There are 2 protein chains.
Amino acid sequence: MSKGRVTVVDIAKAAGVSKSTVSLVLQGSPLVNEGTRTKVNATMRELGYVYNRGAANLRANAKSKIIGVVVNDLTNTFFAELAVGVDMVVQSAGFVQFLSNTSESIDRQREVIASMREHGISGLIVSPARATEAVDLKPVVAAGIPVVVVVRNVPGAKVSSIVSDNYAGTHAAVEHLVSLGHQRIGFFGGFPDTAVFEERFNGFRDAIVAAGQPFGEDLIFSSAPSRAGGVDAVALAMQGINPPTAAVCFNDAVAFGVCDGLRARGREPGRDFGVVGFDDVIEAKTAVPALTTVSVDPQGMGRRAAQLLLKQINAGKADAEAITTSVRLVVRESCGAGQNKPGRKTA
Amino acid sequence: MSKGRVTVVDIAKAAGVSKSTVSLVLQGSPLVNEGTRTKVNATMRELGYVYNRGAANLRANAKSKIIGVVVNDLTNTFFAELAVGVDMVVQSAGFVQFLSNTSESIDRQREVIASMREHGISGLIVSPARATEAVDLKPVVAAGIPVVVVVRNVPGAKVSSIVSDNYAGTHAAVEHLVSLGHQRIGFFGGFPDTAVFEERFNGFRDAIVAAGQPFGEDLIFSSAPSRAGGVDAVALAMQGINPPTAAVCFNDAVAFGVCDGLRARGREPGRDFGVVGFDDVIEAKTAVPALTTVSVDPQGMGRRAAQLLLKQINAGKADAEAITTSVRLVVRESCGAGQNKPGRKTA
DNA sequence: CCTATTTGTTGGAACGTTCCAAAGATGTCA
DNA sequence: TGACATCTTTGGAACGTTCCAACAAATAGG
């Protein structure tokens, strides 16, 4: 087993050429004679040669073909999809992905980023843990490693970012509910300590005002941004004196929880109460009722992030680029508008 | 930026010692003088030194501290959780995780495994893509790299495996439904082309027979192992002449789909029809009704897999070990047994 | 026949670490 | 004082690759 691995020198010796020639073959150089090439290739196959990228990366200017991906919560479908999107393009560009999960722990995040640097990543995609600050990314960008943050922005960091148009999303959601005749729409779920919350909430508030409806604190039902949180938010909302008739939710998880909570109270989402989510996770279209939601396409976002990163890696230098991806309201059934159902298809 | 990175020699020069001493400090050797150590450490911090693992791994006998993780479908919560479990223990053992998603593509799987080998992983955990054969893992184990397969077994491969006790799981599910008085129980979802299906199905069939109930092909409602598939299975089941009154589902995704399908037909899962899932994904406990299911704890499974792998890595040699993790029926509401639950609604 | 040019091939140095054998200090004992 | 032991430090050789400069052989142009 641990008897020395097969190296280029072994191949060279066996094939009767020099290690330089083997190296040339390895890189598909046009300089080598066709006959030599096939002979070397045959020998490699025969001896079971495995390329040693570590050794190759050692050379001064070598690029490592490793890109680091850090997500804050892999168990959330949204981020898992994001990672899959990244993996797709990264993989087909011949790179490989170092993926780590931080579980929203900023210490963990620091550790994994440090570890990734030691392994010589040539680019980093990170969906930052809560409370991530510019200083956390500073050393990486100082080392000239391109960084792309996704989903959540990091204020003050000179890095590229790809976030969805949160403001426009909730704005559109409110407009739609208003057009269905709702007079009292609440904002359900999430905690007001993140940039994402702020953006989504602002879109909500401005749209309410723009529709000429009264806006007040009593329309906000804060809770954990999870399914369980959605249940809590409904409980909160329904005990009020003048409960809302529709909810714009912080994300799809909350929206599902809101549906659960409504049913537990004998009210059917879509028929008795309008529910709109945010993210368009895969379950959204198969749930009953199918969830009306703001579509974000996490996988596409992952792909875009990876493309942007690869572009920067190849360009050699990384000018910070801030992209907000446009979102789209996907009308299904949970808002109560699903009458004319037959053809609403998503890409 | 790309002006040469800081190396041990730079540190050595700046601190007035030899590179060997710096190396000793790096490894926390007790041989170095306390004063020297602090001076070197200070210099490292000052110059912004980053350890180069690639170079270190180059030495003949070096262990890479990288472990590869390959999953067949990261967008499925089950596997995402599994990956998180692995990450946890791997991370805290000072290793780092190379994670890749194969999307059930065997070609992709071959590629990523090859790529991982080139990066010198010192262990591999894989949840094999469908139709993976022993030969796909052969080169890896031949290279003396410990391999642990999870979730799905690979027949004939001389590697360790951790799979859940599928047979016992569905067996227990049936027993429970029988104890609730069901006389006609169906097996919903999944395609009979995988070992997992076979095991779960066998547990189901044997339990039906053991309960003295008639077993026939008309109790099987095959479909995609997804939420959408669950809806299809219900459609299939309900058009029969003598439809079942309860379902043991291939997995939780199917079970959720079955609930959706039932509702779409005006029947309430838990009250009018018993539903039992398999996996116990996170959503299972918060769904309405909460899903009765066979708990597999994917995260725990990931942790165990990682522990086993690390053990083998440290032991130097890997004796194949086949572990089946025990499962547990978690009784919630969807089976109709939740009578004594405080919040239960009847009409 | 001599010089260029093209086509393949090649040794050796370099990359950043670890590890070994050995060497300087310093102290201890007889 | 000499012989040892202990503590700390140190050059240099590896590890498996890439790349450069050089070279051999064959072809072409004058």
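Residues numbered from 1 in each chain as written. Chains lettered and ligands numbered in written order. Predicted model: local features only at pLDDT ≥ 70, side-chain atom pairs only at ≥ 80, totals over all residues. Heavy atoms only, no water.

K.L.:
I tried to follow the relation of the copies chain B and chain A on my own but got confused; where do I start?
P.N.:
For the pair of chain copies, the relating operation is a rotation around an axis with a shift along it. Each copy superposes on the other: chain B lies on chain A with an RMSD of 0.1 Å after a rotation of 180 degrees and an axial shift of 0.0 Å. The two molecules are tied by a two-fold rotation axis, judged by turn and shift. The residues that chain B uses at the interface reappear at the interface of chain A in 98% of cases, marking a shared surface. (Least-squares fit on C-alpha atoms with pLDDT ≥ 70 in both. Contact = heavy atoms within 4.5 Å.)

K.L.:
How should the protein's contact with DNA strand C be read in this particular structure?
P.N.:
Surveying the vicinity of DNA strand C reveals 27 residues, the closest of which are Ser20 and Thr36 of chain A together with Val8, Ser23 and Tyr49 of chain B. Restricting attention to atoms of DNA strand C within 4 Å of the protein, one finds that 65% of them are sugar or phosphate atoms. Measuring from a base nitrogen of DNA strand C, one finds a side-chain N or O atom of Ser20 of chain B at 3.4 Å. Within the contact set of DNA strand C, a phosphate oxygen lies 2.6 Å away from a side-chain nitrogen or oxygen of Ser23 of chain B. With four residues, the top contributor of residues to the surface near DNA strand C is helix H2 (residues 19-26) of chain A. Each residue belonging to the surface near DNA strand C can be placed in one class, and the counts come to twelve nonpolar, ten polar and five charged. (Near = heavy atom within 4 Å. Polar contact = N/O pair within 3.5 Å; in protein donor to acceptor, adjacent residues only side chain to side chain. Helix = DSSP H or I, 4+ residues; strand = E, 2+ residues; numbered from the N terminus. Nonpolar A, V, L, I, M, F, W, Y, C, P; charged D, E, K, R; others polar.)

K.L.:
Would you mind going over the domain arrangement of chain A with me for this structure?
P.N.:
Interfaces are frequently sized by the accessible area removed from exposure as the parts join. All names here are of chain A. Looking at the assigned domains, one finds that chain A contains domain 1 (8-51), domain 2 (66-165 + 298-326) and domain 3 (166-296 + 329-340). A separation of 29 Å is found between the C-alpha centroids of domain 2 and domain 3. Between domain 2 and domain 3, the residue contacts involve ten residues of the former and 14 residues of the latter. Joining domain 2 to domain 3, the criterion identifies zero salt bridges. Looking at the side of domain 2 that touches domain 3, the elements that each hand over two or more residues are helix H5 (77-92) and helix H13 (298-315). Tallying contributions element by element places H5 first for the side of domain 2 that touches domain 3, with three residues. (Domains from an automatic or database assignment. Salt bridge = Lys/Arg side-chain N within 4 Å of Asp/Glu carboxyl O.)

K.L.:
Please clarify how the pattern of salt bridges should be interpreted in this entry.
P.N.:
When the charged atoms of two side chains with opposite charge come close together, those side chains can pair. Under the definition given, this model contains 26 salt bridges over all chains. Salt-bridge contacts for Asp272 of chain B lead to Arg271 of chain B; the nearest nitrogen and oxygen are separated by 2.9 Å. For Asp272 of chain B, a relative accessible area of 28% corresponds to the partly exposed category. What makes Arg271 of chain B partly exposed here is its relative accessible area of 45%. With a shortest N-O distance of 3.4 Å, Glu321 of chain B and Lys311 of chain B are connected by a salt bridge. Here the residue Glu321 of chain B occupies a position in the loop between helix H13 (298-315) and strand S11 (322-325), and Lys311 of chain B occupies one in helix H13, the gap between them amounting to ten residues. Under the relative-accessibility criterion, Glu321 of chain B is labelled partly exposed at 30%. Three or more residues are tied together by salt bridges with common partners; here these are Glu104, Arg130 and Arg152 of chain A. (Buried < 20%, exposed > 50% of the residue type's maximum accessible area, 1.4 Å probe, protein only.)

K.L.:
Can you help me understand the interface of chain B and chain A in this one?
P.N.:
Across the contact, 49 residues belong to chain B and 49 residues belong to chain A. Summing the contributions of chain B and of chain A, the shared interface buries around 4300 Å²; its carbon and sulfur component is 57%. Joining chain B to chain A, the criterion identifies two salt bridges. Linking Glu118 of chain A and Arg53 of chain B is a salt bridge whose minimum nitrogen-to-oxygen distance equals 2.5 Å. (Buried area = accessible area lost by both parts, 1.4 Å probe.)

K.L.:
Explain the protein's contact with DNA strand D to me, please; I cannot follow it from the model alone.
P.N.:
Near DNA strand D there are 27 residues, and of these Val8, Ser23 and Tyr49 of chain A together with Thr21 and Thr36 of chain B occur at the shortest range. Here DNA strand D approaches the protein such that, of its atoms within 4 Å, sugar and phosphate make up 64%. In the model, a phosphate oxygen of DNA strand D is placed 2.7 Å from a nitrogen or oxygen of the Ser23 of chain A side chain. The contact in question runs from a base oxygen of DNA strand D to an N or O atom on the side chain of Ser20 of chain B, over 2.8 Å. Elements with a minimum of two residues in the surface near DNA strand D: H2 and helix H4 (53-58) of chain A together with helix H2 (19-26) of chain B. Counting residues per element, the surface near DNA strand D draws most heavily on H2 of chain B, at four residues. For the surface near DNA strand D, the per-class residue count stands at twelve nonpolar, ten polar and five charged.

K.L.:
It is not clear to me how the pairing of strand S4 (residues 147-150) of chain B should be interpreted in this structure. Could you clarify?
P.N.:
One face of the sheet, then the other: side chains in a regular strand alternate in exactly this way. All names here are of chain B. Burial along S4 is two-sided: Val147 and Val149 and Val148 and Val150, pointing in opposite directions, are all buried. Pairing between strand S3 (residues 123-126) and S4: three bridges, direction parallel. Looking at the pairing, Ile125 lines up with Val148 of S4. Each parallel crossover has a hand, and the one from S3 via helix H7 (residues 134-142) to S4 is right-handed. By the bridge criterion, three bridges tie S4 to strand S5 (residues 160-164) in an arrangement that is parallel. Across the sheet, the residue bridging to Val150 is Ile162, located in S5. (Pairing = 2+ DSSP bridges. Right-handed = clockwise from strand over helix to strand, strands pointing away.)

K.L.:
How should I be thinking about helix H11 (residues 252-264) of chain A in this particular structure?
P.N.:
Owing to its 3.6 residues per turn, the α-helix brings residues three or four apart onto one side. All names here are of chain A. The end-to-end C-alpha separation of H11 is 18 Å, in line with the 18 Å expected for 13 residues at 1.5 Å each. Taken residue by residue, H11 has Asp252, Val254, Ala255, Phe256, Gly257, Val258, Cys259, Asp260, Gly261, Leu262 and Arg263 as its buried positions. Two residues or fewer after H11 comes Gly266, characterised by a positive phi angle close to 75 degrees. (Expected span 1.5 Å × (residues − 1).)

K.L.:
Would you mind going over the side chain of Arg37 of chain B with me for this structure?
P.N.:
All names here are of chain B. Tracing the backbone shows Arg37 in helix H3 (residues 34-47). Accessibility expressed as a relative area gives 15% for Arg37, which makes it buried. Apart from residues lying up to four places away in sequence, Arg37 is in contact with Val25, Gly28, Ser29, Pro30 and Val32.

K.L.:
Could you clarify how one ought to interpret the sheet that holds strand S9 (residues 274-279) of chain A in this entry?
P.N.:
Adjacent strands of a sheet form backbone hydrogen bonds with each other and so pair up, either parallel or antiparallel. All names here are of chain A. Overall, mixed pairing links the six strands, which are arranged S7-S6-S8-S9-S10-S12 in an open sheet. Looking at the sheet topology across the chains shown, the edges are occupied by strand S7 (220-221) and strand S12 (328-330). The sheet strands contacting helix H8 (residues 166-179) are strand S6 (185-188), strand S8 (246-249), S9, strand S10 (292-295) and S12, and the helix crosses S8 at an angle near 170 degrees. (Axes fitted to C-alpha atoms, helices over the stretch in contact; angles between N-to-C directions.)

K.L.:
Please clarify how the sheet that holds strand S12 (residues 328-330) of chain B should be interpreted in this entry.
P.N.:
Residues and elements named next belong to chain B. Ordered by their spatial adjacency, six strands build an open sheet running S7-S6-S8-S9-S10-S12, and the pairing between neighbours is mixed. Both outer strands of the open sheet, strand S7 (220-221) and S12, are each paired with one neighbouring strand and no more. The pairing of strand S8 (residues 246-249) with strand S9 (residues 274-279) spans three bridges and is parallel. Within S9, the residue paired with Ala246 across the bridge is Gly274.

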